[in-house]
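# Observations on the model geometry
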Amino acid sequence: NQPSTATPTIPEMLYCGGCETCTESIWNSPATALDNQETYSCGSRISYLINSLSYEEDAACSAVGTANYAEGQPCAPCSCQSPQVLNDPDPAMLIFSDEFETDGAPDATKWTYDLGDGCSVGICGWGNDESQYYTSSPSNVHASNGVLSITARKENGFSRPYTSTRMVTRGLASFKYGRVQFRANIAKCKATGTWPALWMLPETWQYGGWPDSGEIDVMEAVGFETDLFHGSVHTRAWHGGNSKSGSMSAPDQDWHVFEIDWQETTIRFAVDGLVYYEFDRESTTDKTQWPFDQEFHLIMNIAVGGAWGGLRGIDD
């Protein structure tokens, strides 16, 4: 007597903690249990608690919405809070930008690359059992008409079956606090197995290796999901499948601005100015929870496969 794998219809009168309705994209989104790796939709999980275990609707929504799922997958059917909106940043405060106005290779004064399969730095598969070999080849990364394109390809001749690119500002530009914005479109990165990310890692790893010094994922998406973007932080206290994260539903065919507002006591995550998740500092001394008082650099990449991207296989 387990949750159905069929896509359920949202009940007309399911209020979920005061909300008038559950959004369809979240209701139908998959959530993989951490313990047994079984995947059911959020709505199936709620319906199972109501129909099979006699939960009240609010209790079922709360139980499912507050549970943790593999790789930070969301299952928060309703959010009753009025949305926070970030104002446009002050242009006078801008300290780094790249509009990719020159065709060809990205600006070498701003970007460098992580290359290979991770084995040379002791993390084969880049720590996630990923299937790509990173290059700086024009076939994987180039700028044209003000748009930077990163492409993952199936290719022979490398230690991994796919090639891609991972661009970083490490050693060239790093930041502590402020607004970080990426304008991006993943419409051409929707094959099952793809895992595009816009994110940040520590410049000097002040508190030790990953996850001790932290990670900030401004945007992640996986090819087997539709219209769903994720933002998260990883620390020693919360990392991997137990990371602190939120999710936002938005059309994945469109251009969006993915953003964090990183301040001394909080990191807010937003899509097109709408805040969907906030991670607050709970301790001024516990660096296992808040290592975000050091400079971080920017990263843009497409992974193939891996613990999350490859959860449902890879579509060649």
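Residues numbered from 1 in each chain as written. Predicted model: local features only at pLDDT ≥ 70, side-chain atom pairs only at ≥ 80, totals over all residues. Heavy atoms only, no water.

## Let's talk about the overall build of the protein
Counting secondary structure elements, the protein contains three helices and 19 strands. When burial is assessed residue by residue, the protein has 47% of its 316 residues classed as buried. At a minimum sequence separation of 6, the contacts of the protein that also span at least 24 residues come to 65%. Carbon and sulfur atoms make up 47% of the accessible area of the protein, which totals about 15,300 Å². (Helix = DSSP H or I, 4+ residues; strand = E, 2+ residues; numbered from the N terminus. Buried < 20%, exposed > 50% of the residue type's maximum accessible area, 1.4 Å probe, protein only. Contact = heavy atoms within 4.5 Å. Areas by Shrake-Rupley, 256 points an atom, 1.4 Å probe, with all protein chains shown as cover.)

## Some remarks on unusual backbone geometry
Trp 210 connects to Pro 211 through a cis peptide bond whose omega is 5°. Secondary-structure assignment places Pro 211 in the loop between strand E12 (194-202) and strand E13 (215-220). A positive phi is found at Trp 126, a non-glycine position, where the angle reads about 55°. Mapping Trp 126 onto the fold places it in the loop between strand E4 (112-114) and strand E5 (132-134). Of the residues examined, Trp 126 reaches a relative accessible area of 9% and is grouped as buried.

## Quick notes on the sheet that holds strand E3 (residues 84-85)
In spatial order, the strands read E3-E18-E17-E16-E11; together these five strands make up an open sheet with antiparallel pairing. Only two strands of the sheet have a single partner each, and these edge strands are E3 and strand E11 (178-184). Two strands pair when backbone bridges link them, and strand E16 (residues 256-262) and strand E17 (residues 266-271) are joined in this way by five bridges, in the antiparallel orientation. If you follow Trp 262 over to E17, its bridge partner there is Ile 267. (Pairing = 2+ DSSP bridges.)

## Side note on helix H2 (residues 42-53)
Given a rise of 1.5 Å per residue, twelve residues ought to cover 16 Å, and the 16 Å separating the end C-alpha atoms of H2 matches this to within 8%. Listing the buried residues of H2 in full gives Cys 42, Gly 43, Ser 44, Arg 45, Ile 46, Tyr 48 and Leu 49. Phi turns positive one or two residues past the end of H2, at Ser 54, with a value near 60°. (Expected span 1.5 Å × (residues − 1).)

## Thoughts on the sheet that holds strand E9 (residues 162-164)
Where strands meet in a sheet, backbone hydrogen bonds hold them as pairs that are either parallel or antiparallel. Strand order in this open sheet of three strands is E5-E9-E8, and the pairing throughout is mixed. Pairing within the sheet leaves two strands with one partner each, and these edge strands are E5 and strand E8 (153-154). Bridge count between E8 and E9: two bridges; the pairing is antiparallel. Bridge pairing in E9 links Arg 153 to Thr 163.

## A closer look at the packing of aromatic side chains
Applying the stated rule across the entire model yields 16 aromatic pairs. Where Tyr 177 meets Trp 262, the ring centres are 5.6 Å apart and the plane angle is 75°; that geometry is what we call edge-to-face. You can see Tyr 177 sitting in the loop between strand E10 (166-168) and E11 and its partner Trp 262 sitting in strand E16, a full 85 residues away along the chain. Overall, Tyr 177 belongs to the partly exposed group, its relative accessible area being 27%. Measuring from ring centre to ring centre gives 5.6 Å for Phe 279 and Trp 290, while their planes differ by 10°; the resulting arrangement is stacked. One end of the pair, Phe 279, is in strand E18 (residues 274-280); the other, Trp 290, is in the loop between E18 and strand E19 (296-304), and eleven residues separate them in sequence. Overall, Trp 290 belongs to the buried group, its relative accessible area being 2%. An aromatic cluster is present here, built from Tyr 177, Trp 238, Trp 262, Phe 279, Trp 290, Phe 292 and Phe 296 joined pairwise through their rings. The residue whose ring lies beneath Lys 110 is Phe 96, and the NZ or CZ to ring-centre distance is 5.9 Å. (Phe/Tyr/Trp six-rings, centres within 6.5 Å; stacked < 30°, edge-to-face > 60°. Lys NZ or Arg CZ within 6 Å of the ring centre and 35° of its normal.)

## Considering the state of the cysteines
Applying the stated rule across the entire model yields one disulfide. The disulfide partner of Cys 119 is Cys 124, and the S-S distance across this bridge is 2.0 Å. Residues Cys 119 and Cys 124 share a disulfide whose torsion about the S-S bond is about 130°; that sign makes it right-handed. Of the residues examined, Cys 119 reaches a relative accessible area of 33% and is grouped as partly exposed. For Cys 124, a relative accessible area of 45% puts it in the partly exposed group. (Disulfide = S-S within 2.5 Å.)

## Here we look at the side chain of Ser 164
Along the chain, Ser 164 turns up in strand E9. The buried category is assigned to Ser 164, whose relative accessible area is 0%.

## So, the pattern of salt bridges
Note that side chains of opposite charge can pair when their charged atoms are close. Summed over the entire model, instances satisfying the criterion amount to eight salt bridges. Note that Asp 114 and Arg 170 form a salt bridge whose closest N and O atoms lie 2.7 Å from each other. In this pair, Asp 114 sits in strand E4 while Arg 170 sits in the loop between E10 and E11, placing the two residues 56 residues apart along the sequence. For Asp 114, a relative accessible area of 9% translates into the label buried. The salt bridge partner of Asp 293 is Lys 287, with a shortest N-O separation of 2.6 Å. The exposure class assigned to Lys 287 is partly exposed, which follows from its relative accessible area of 25%. Each member of the salt-bridge network shares a partner with another, and the members are Asp 114, Arg 166 and Arg 170. (Salt bridge = Lys/Arg side-chain N within 4 Å of Asp/Glu carboxyl O.)

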